[in-house]
Amino acid sequence: MTERRVEELRRSMAEAGVDVAVITHIIDVYYFSGTGNRSTLIVPLEGEPKLLVQVGYERAKEDSWISDVRRAGGTSDIKRVLDELGLSRGVVGLNMDTISAGFYLKLSSILKEAKLVNVSPLVLDVRSVKDKNEVELIEKAAEISRIGHKRVEEVLEPGITELELAVEVECTLRRAGHDGFIRHRTWRFNAYGVIGPSGPNLGVITGPGAITITGPGTCPALPYGASNRRIEKGDMVLVDFVVSYMGYHHDEARMYAVGDVDSRKVKSFKLVKEAEEQALEAIKPGRPVSDLYWAARSVFEREGLLDYFAAYSEYPQYTYLGHGIGLEVVEEPSITPGNDKLLRPGMTICIEPKLIAPDWGASFEDTVLVEEDGPRILSKTPRELIYV
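My aim in this report is to walk through the structure given alongside it, one point at a time. On a predicted model such as this, the values are computed, not experimentally measured, just so you know.

Notes on the overall build of the chain
Part 1 of the reasoning: Looking only at helices and strands, the chain has ten helices and 16 strands in total.
Part 2 of the reasoning: Radius of gyration (C-alpha) of the chain: 22 Å, near the 21 Å computed for a compact globule of 388 residues.
Part 3 of the reasoning: When the backbone C-alpha atoms are referred to their principal axes, the chain occupies close to 70 × 40 × 35 Å.
Part 4 of the reasoning: Relative to its full complement of 388 residues, the chain shows a buried share of 55%.
Part 5 of the reasoning: Partitioning the contacts of the chain with sequence separation of at least 6, the portion at a separation of at least 24 is 66%.
Part 6 of the reasoning: For the chain, the computed accessible surface area is about 16,300 Å², with 49% contributed by carbon and sulfur atoms.
Part 7 of the reasoning: Computing the positive centroid from 47 side-chain charges and the negative centroid from 59, the chain places the two 3 Å apart.

Encoded structure:
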């Protein structure tokens, strides 16, 4: 299976004129080699890939299908292998979205005759289409997510704090099989668990890059996620979290009503759910990814609420509806108005329309598989406003 992935990457490399890929991002290394040990994977257009293992050599040999596994991994070792392959003067692809400036400068200083290019777009394009086994792992993560949302229904009541709610859910998720951590392809803010903003905290944006409802967190060092606010009767609560199972992620958000809530809150929920429904109707192989964004946005425009579509009036530069998901929480395709790549069967995407206004917000999110005849929702929690 991982061998097939390497062949797909090679086809993309040939089309892009890349002679060899030097893959150092460990999640990409795992995807193509089968080992998550700290390693560098070298994939030439022809011939066997080389796996240079820095830590966990014996485990890497056991886990990987690659036959040429070596104890190595520094820049000098990379240069040695490229010399051996006759490619140290060729076009060398790197994970330029994840490597450090120091690594790039050091490698470029010893590969003076090579042309260094970014291979990450090719890697991410291959990864964007999931095989059967990957989909099954995401579905397992979805089942664990459902267990977490059931726990919300059991413990959410007036008087509990957002943080106490988050702790209950996180404990339940770990017991149910959640890996206990999630992975992002980013050098920005990268730490969060269960998000459970309530009441006025639903209008708080402090997040890790995307314009989303994040809550204020517990301190300035971590201004993201559940806070110490006590949830009150009549509140709406957003419970949004990611589950990872054997490295594969599922993302799901639901709105909870604590007792009776006013009509404005119910209308907000119905709006974001309708926006998701419109995006779902646009999911068909061969259609541009951007169609999903415009479909969801049209609901807010119809209601005269475009300013609150993911806080559009405050952050018009960040136009965003969702993202791909798999070994990392945010993968390709990014669901934005400028992404005209075509949907393909096997893509797994998260659709998360949000209404964000001062002191108020609502959200709804599902993980969805693109199939030949349209979307299949992988999330298991009832797709409705949940009263407790």
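Quick notes on the nonpolar core
Part 1 of the reasoning: In terms of nonpolar packing, the biggest core is built from 44 residues, with Met-236, Met-255, Ile-283, Leu-292, Leu-321 and Ile-351 touching the most fellow members.
Part 2 of the reasoning: Looking at this core, the elements that each hand over two or more residues are β7 (236–245), β8 (248–257), α9 (263–281), α10 (290–302), β11 (348–351), β12 (354–357), β13 (360–363) and β14 (366–371).
Part 3 of the reasoning: Among the nonpolar cores identified, the runner-up in size contains 31 residues, and Phe-32, Ile-66, Val-119 and Leu-122 belong to it.

Looking at the packing of helix α4 (residues 75–85) against helix α5 (residues 101–110)
Part 1 of the reasoning: The contact between α4 and α5 brings their axes to 10 Å, and the two run at 40°. When the axis of α4 is compared with that of α5, the two are oblique. Once α4 is placed against α5, the crossing between them reads as right-handed. Residues Thr-75, Ser-76, Ile-78 and Lys-79 of α4 form the contact with α5, whose own contacting residues are Phe-103, Lys-106, Leu-107 and Ile-110.
Part 2 of the reasoning: Among the residues making up the contact of α4 with α5, the classes are represented as four nonpolar, two polar and two charged.

Observations concerning the packing of aromatic side chains
Part 1 of the reasoning: A full pass over the atoms with the stated rule returns five aromatic pairs.
Part 2 of the reasoning: Here the aromatic rings of Tyr-293 and Trp-294 are separated by 5.1 Å at their centres, their planes lie at 85°, and the arrangement is edge-to-face.
Part 3 of the reasoning: The class of Tyr-293 is buried, set by a relative accessible area of 1%.
Part 4 of the reasoning: On the basis of relative accessible area, Trp-294 is assigned to the partly exposed category, the value being 40%.
Part 5 of the reasoning: Here a set of aromatic residues connected by ring pairs shows up, and it is made of Tyr-293, Trp-294, Phe-300 and Phe-309.
Part 6 of the reasoning: It is Arg-5 that lies over the ring of Tyr-31; its NZ or CZ is 4.2 Å from the centre.
Part 7 of the reasoning: Over the face of the ring belonging to Trp-360 we find Arg-264, whose NZ or CZ atom lies 5.0 Å from the ring centre.

Remarks on the sheet that holds β7
Part 1 of the reasoning: Read across the sheet, three strands follow the order β7-β8-β16 without closing on themselves; strand pairing throughout is mixed. At either end of the open sheet lies a strand with only one pairing partner, and these are β7 and β16 (386–387).
Part 2 of the reasoning: As paired elements, β7 and β8 share ten bridges and run antiparallel to each other. Residue pairing across strands places Ser-244 opposite His-249, the latter belonging to β8.

Observations concerning the sheet that holds strand β3 (residues 50–53)
Part 1 of the reasoning: Pairing is mixed in the open sheet, where six strands are placed in the order β4-β3-β2-β1-β5-β6. The open sheet has two edge strands with one neighbour each: β4 (68–71) and β6 (115–118). Looking at each pair of strands side by side, their axes are set apart by 25° on average, direction ignored.

Focus on the pairing of β6
Part 1 of the reasoning: Relative to β6, strand β5 (residues 91–94) runs parallel, the two being bridged by four bridges. Counterpart to Val-91 in the pairing with β6 is Lys-115.
Part 2 of the reasoning: What joins β5 to β6 is α5, and the crossover it makes is right-handed.

Quick notes on unusual backbone geometry
Part 1 of the reasoning: Residue Pro-333 is bonded to the preceding Glu-332 through a cis peptide linkage, with omega at 5°.
Part 2 of the reasoning: On the secondary structure map, Pro-333 appears in strand β10 (residues 331–335).
Part 3 of the reasoning: Positioned with a positive phi, Ala-310 is a non-glycine residue whose angle comes to about 50°.
Part 4 of the reasoning: The backbone of Ala-311 shows a phi angle near 55°, a positive value even though the residue is not glycine.

What to know about a nonpolar patch on the surface
Part 1 of the reasoning: A surface patch of nonpolar side chains, about 260 Å² in accessible area, is lined by Met-96, Tyr-104 and Leu-105.
Part 2 of the reasoning: Mapping Leu-105 onto the fold places it in helix α5.
Part 3 of the reasoning: A relative accessible area of 55% places Leu-105 in the exposed class.

Here's the deal with the pattern of salt bridges
Part 1 of the reasoning: One pass over the full model with this rule turns up 39 salt bridges.
Part 2 of the reasoning: A salt bridge links Lys-50 to Asp-68, with the nearest nitrogen and oxygen atoms 3.1 Å apart. With Lys-50 in strand β3 and Asp-68 in strand β4, the pair connects residues that are 18 residues apart, well separated along the chain. Take Lys-50 and Asp-68: they sit in the same class, and that class is buried.
Part 3 of the reasoning: The salt bridge involving Arg-127 is made with Glu-331; its shortest N-O contact spans 2.5 Å. With a gap of 204 residues between them, Arg-127 in helix α6 (residues 120–127) and Glu-331 in strand β10 connect regions that are remote in the sequence. Pair check on accessibility: Arg-127 and Glu-331 agree, each one buried.
Part 4 of the reasoning: Residues participating in the shared-partner salt-bridge network are Asp-28, Asp-97, Arg-127, Lys-130, Arg-185, Glu-328 and Glu-331.

What counts as what
- Residues numbered from 1 in each chain as written.
- Predicted model: local features only at pLDDT ≥ 70, side-chain atom pairs only at ≥ 80, totals over all residues.
- Heavy atoms only, no water.
- Helix = DSSP H or I, 4+ residues; strand = E, 2+ residues; numbered from the N terminus.
- Rg over C-alpha atoms; globule rule 2.2 N^0.38 Å.
- Buried < 20%, exposed > 50% of the residue type's maximum accessible area, 1.4 Å probe, protein only.
- Contact = heavy atoms within 4.5 Å.
- Areas by Shrake-Rupley, 256 points an atom, 1.4 Å probe, with all protein chains shown as cover.
- Lys, Arg positive; Asp, Glu negative; His and termini not counted.
- Charge placed at Lys NZ, Arg CZ, Asp CG, Glu CD.
- Core = buried A, V, L, I, M, F, W, Y, C linked by side-chain atoms within 4.5 Å.
- Axes fitted to C-alpha atoms, helices over the stretch in contact; angles between N-to-C directions.
- Parallel < 35°, antiparallel > 145°, perpendicular 65-115°, else oblique.
- Left-handed = near helix turned anticlockwise from the far one by under 90°.
- Nonpolar A, V, L, I, M, F, W, Y, C, P; charged D, E, K, R; others polar.
- Phe/Tyr/Trp six-rings, centres within 6.5 Å; stacked < 30°, edge-to-face > 60°.
- Lys NZ or Arg CZ within 6 Å of the ring centre and 35° of its normal.
- Pairing = 2+ DSSP bridges.
- Right-handed = clockwise from strand over helix to strand, strands pointing away.
- Patch = residues over 30% accessible without salt bridge, like charges linked within 9 Å, V, L, I, M, F, W, Y side chains within 5 Å.
- Salt bridge = Lys/Arg side-chain N within 4 Å of Asp/Glu carboxyl O.

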